[in-house]
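Below are the chains, spelled out letter by letter.
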Amino acid sequence: MLYTLPNGQVIELEKVSRISNIRDQGEDRASIGFSKMVFTIHLDNRDKIDVIEQYHYADWSDKKRKLGMLRADLIAKWKALSGEGGGK
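Residues numbered from 1 in each chain as written. Predicted model: local features only at pLDDT ≥ 70, side-chain atom pairs only at ≥ 80, totals over all residues. Heavy atoms only, no water.

A. Spotlight on the environment of L43. Residue position: L43 is located in strand 5 (residues 35-43). Its relative accessible area of 15% is what places L43 among the buried residues. Here the alpha-carbon distance between L43 and V10, two residues 33 residues apart in the chain, equals 13 Å. Filtering out sequence-adjacent residues up to four positions away, L43 remains in contact with K15, V16, S17 and I49. (Helix = DSSP H or I, 4+ residues; strand = E, 2+ residues; numbered from the N terminus. Buried < 20%, exposed > 50% of the residue type's maximum accessible area, 1.4 Å probe, protein only. Contact = heavy atoms within 4.5 Å.)

Right, here's the structure in full:
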C-alpha cells in the first residue's frame, strides 16, 4: 500500500519497520526565527525518512497537532496492513 506524505514523497507501507515519536529539535539553523519538530519513519532497508514541520513559537501547538494527526494516520494505515502488528 502506498502512502503519500505532505511533501509529495510516496512510501510503501509494507517496507515500514518503525515510526518514532515526535521530537522537538529546537531552532532550525537553516532559517531565522523558526524551530522544527520531526518524527522518523524507519524502513526495512535501513533507510530513514524524516517528516519535518517548521514552526514559529506562536504556532507550536497547531503544528504539533498537525504532525501528530499525520503520524496517527500513518500508524493506523500501517497497522491495518497486517492486523495490529504493523508492516510485518
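B. Broad picture of the pattern of salt bridges. Scanning the model with the defined rule gives five salt bridges in all. Measuring nitrogen to oxygen at the nearest pair gives 3.3 Å for the salt bridge that ties D62 to R65. One end of the pair is D62 and the other is R65, both in helix 1 (residues 60-80) and three residues apart, which spans about a single turn. The class of D62 is partly exposed, set by a relative accessible area of 43%. Note that D73 is salt-bridged to K77, the shortest N-O span being 3.5 Å. Separated by four residues within a single helix, D73 and K77 lie in helix 1, roughly one turn from each other. Exposure remark for D73: the relative accessible area of 30% places this residue in the partly exposed category. (Salt bridge = Lys/Arg side-chain N within 4 Å of Asp/Glu carboxyl O.)

C. Geometry of the pairing of strand 5. With eight of nine residues buried, strand 5 is to be regarded as a mostly interior element. Pairing of strand 3 (residues 16-19) with strand 5, which is carried by three bridges, proceeds in the antiparallel orientation. Looking at strand 5, one finds that I19 is bridged to I41. Across three bridges, strand 4 (residues 23-27) lies against strand 5 in antiparallel orientation. Each residue of the ladder has a partner; that of R23, found in strand 5, is V38. Where strand 5 and strand 6 (residues 48-55) come together, eight bridges link them in antiparallel fashion. Considered in strand 6, the bridge of H42 is made with K48. Counted along the chain from strand 5 to the antiparallel partner strand 6, the turn is four residues long, and its residue R46 has a positive phi close to 70°. (Pairing = 2+ DSSP bridges.)

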